[in-house]
Structure formats: structure tokens, C-alpha cells
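Chain by chain, the residues run as shown.
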Amino acid sequence: ERFLALIRAAHQHDPALYEEVWLPYLRGFPHHFQGAFAHLSSRAELELFARLLPSCQFGYHATDDASVSQLAPELVERIHTYTHHGHVKASLRFLRSPHLVNLVELTLHGMKTGQLTRLLERDSLANLQKVTIQRALIDESVMHALLNASFEPSLRAIDFVAVYFAPEQFERFMDSALAINLKALGP
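A short tour of the structure in this document, coming up. (Residues numbered from 1 in each chain as written. Predicted model: local features only at pLDDT ≥ 70, side-chain atom pairs only at ≥ 80, totals over all residues. Heavy atoms only, no water.)

Once that is clear, we can look at the overall build of the protein. What the protein contains, in helices and strands, is ten helices and seven strands. The proportion of buried residues among the 187 residues of the protein is 42%. A fraction of 57% describes how many contacts in the protein between residues 6 or more apart in sequence connect residues 24 or more apart. Just so you have it, the protein exposes about 10100 Å², and 53% of that area is on carbon and sulfur atoms. (Helix = DSSP H or I, 4+ residues; strand = E, 2+ residues; numbered from the N terminus. Buried < 20%, exposed > 50% of the residue type's maximum accessible area, 1.4 Å probe, protein only. Contact = heavy atoms within 4.5 Å. Areas by Shrake-Rupley, 256 points an atom, 1.4 Å probe, with all protein chains shown as cover.)

Rendered as C-alpha cells:
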């Protein structure tokens, strides 16, 4: 947060100096700053830092309907991590976007099974490497969507946090390739 505040202050204080000194430095080492931009939570923040740091990709922590559904395609293309904590319909609209070519991590929090199933069936998520599902019921339809998802071949990890498995679905999960990265089991 301090780093983001420093960049914002430098740009506001002297835009010309920012363009001449800061921007070339930040462009030269974008991988050093990737973590600082992992959880941008507003459209205004994303637009600002996308303009200030044209070579960076960003993590987007969605908190409201408008900020997700109104993103410009050129911003969507620069999102590599998406966390849903906002309006479900906006998330579903956003994840329909054909511009999600760089999305590698997706975190879904508190979705109903029908919403989760529809979302996991998106072809635009074909390059996902990690999916985290939090506070959800994993029923037969969700498990089917996970096992047949377009991103399944590229998936390296799936994390479940405080989820509940419907009868027989936990065994189905344990028998699937999705459990290959399983590290720990809770009660």
C-alpha cells in the first residue's frame, strides 16, 4: 500500500518528473513490482496504474458491480489474477469476456452452485493455472464443471477453502486428477 501511495504521490507532485525518471525505471523492472499490484480493488485504481505502468499486469479484487462490468478490453487483457468478492452477475459478465487471455488465477468467494457451474463453463478461462473456491457447496454439477472445464489441461492447483462437498462428491474429487496437488485436509 505504501508503494502504491508513493507512486500516486510522485505522479501527482510532478507528472513530468514521473514520466522522465519513475516510469522508465518501473517499465524496466515490472516483475519486481508485480506483487504490489496483486489486489487492486477499484476500477479507478486499475485505470490509474494501468496508465502509469503500461508494462505491468494486475490482480483485480472485485468489490462492486460497476467496476467489473465496465472495464475496457485493454484493461481486461492486463489482469492476471481475479478475485470475486463483489456482485455475482457482474462477475459472470466479466468472465464472459474474450479478452481474458492472461488470466491465470481465479478466486471465487461465496457463489451458489448454479452460478459457480455457469462460471466454470466459460471458454474464456482456458489458460487458468490456479482456481480457489471459497465458501461454496461442491455438488455434482460443480464437480462435473470442474472435471470438464476448458482450463482443466492447464490447471496446476485448485484450492478449496471452507467448502462443503455433497454426498459422494468428495470421493469423486479424491479420485480425480484435481486432487494431485492436495496438501492438507481439514475436518
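Within the element layout of this structure, F29 appears in the loop between α2 (15–28) and α3 (30–33). You can call F29 partly exposed: its relative accessible area is 36%. C-alpha separation for the pair F29 and S55, spaced 26 residues apart in sequence, amounts to 9.2 Å.

Before going further, it helps to examine the sheet that holds strand β2 (residues 79–84). Ordered by their spatial adjacency, five strands build an open sheet running β1-β2-β3-β4-β6, and the pairing between neighbours is parallel. The two strands at the open ends of the sheet, each matched to only one other strand, are β1 (58–62) and β6 (157–161). For this sheet the average axis-to-axis angle between neighbouring strands, irrespective of direction, equals 10°. Of the pairings in the sheet, the one linking strand β4 (residues 130–134) to β6 comprises five bridges and is parallel in character. Bridged to Q134 within β6 is V161. (Pairing = 2+ DSSP bridges. Axes fitted to C-alpha atoms, helices over the stretch in contact; angles between N-to-C directions.)

Counted according to the given criterion, the structure contains two salt bridges. Across the salt bridge formed by R43 and E47, the nearest N and O atoms sit 3.1 Å from each other. Separated by four residues within a single helix, R43 and E47 lie in helix α4 (residues 43–52), roughly one turn from each other. Look at R43 and you get partly exposed, because its relative accessible area is 26%. Taking the relative accessible area as the measure of exposure, E47 reaches 34% and is therefore partly exposed. (Salt bridge = Lys/Arg side-chain N within 4 Å of Asp/Glu carboxyl O.)

Right, let's talk about helix α1 (residues 2–13) for a bit. Under the 1.5 Å per step criterion, the end-to-end length of α1 is 16 Å for twelve residues, consistent within 8% with the ideal 16 Å. The set of residues buried in α1 consists of L4, I7, A10 and H11. Each buried residue of α1 lies within a common arc of 130° when the element is viewed along its axis, so the set occupies one face. Away from its buried face, by an angle of more than 90 degrees, α1 presents the exposed residues R2, Q12 and H13. (Expected span 1.5 Å × (residues − 1). Arc of directions from axis to C-beta.)

Moving on to the packing of α1 against α4. Where α1 meets α4, the closest approach of the two axes is 12 Å, and the angle between their N-to-C directions is 65°. The angle between α1 and α4 places the two elements in the roughly perpendicular class. Relative to α4, α1 is oriented so that their crossing is left-handed. For the pair α1 and α4, the contacting residues are L4, I7, R8 and H11 in the first and E45, L48, F49, R51 and L52 in the second. (Parallel < 35°, antiparallel > 145°, perpendicular 65-115°, else oblique. Left-handed = near helix turned anticlockwise from the far one by under 90°.)

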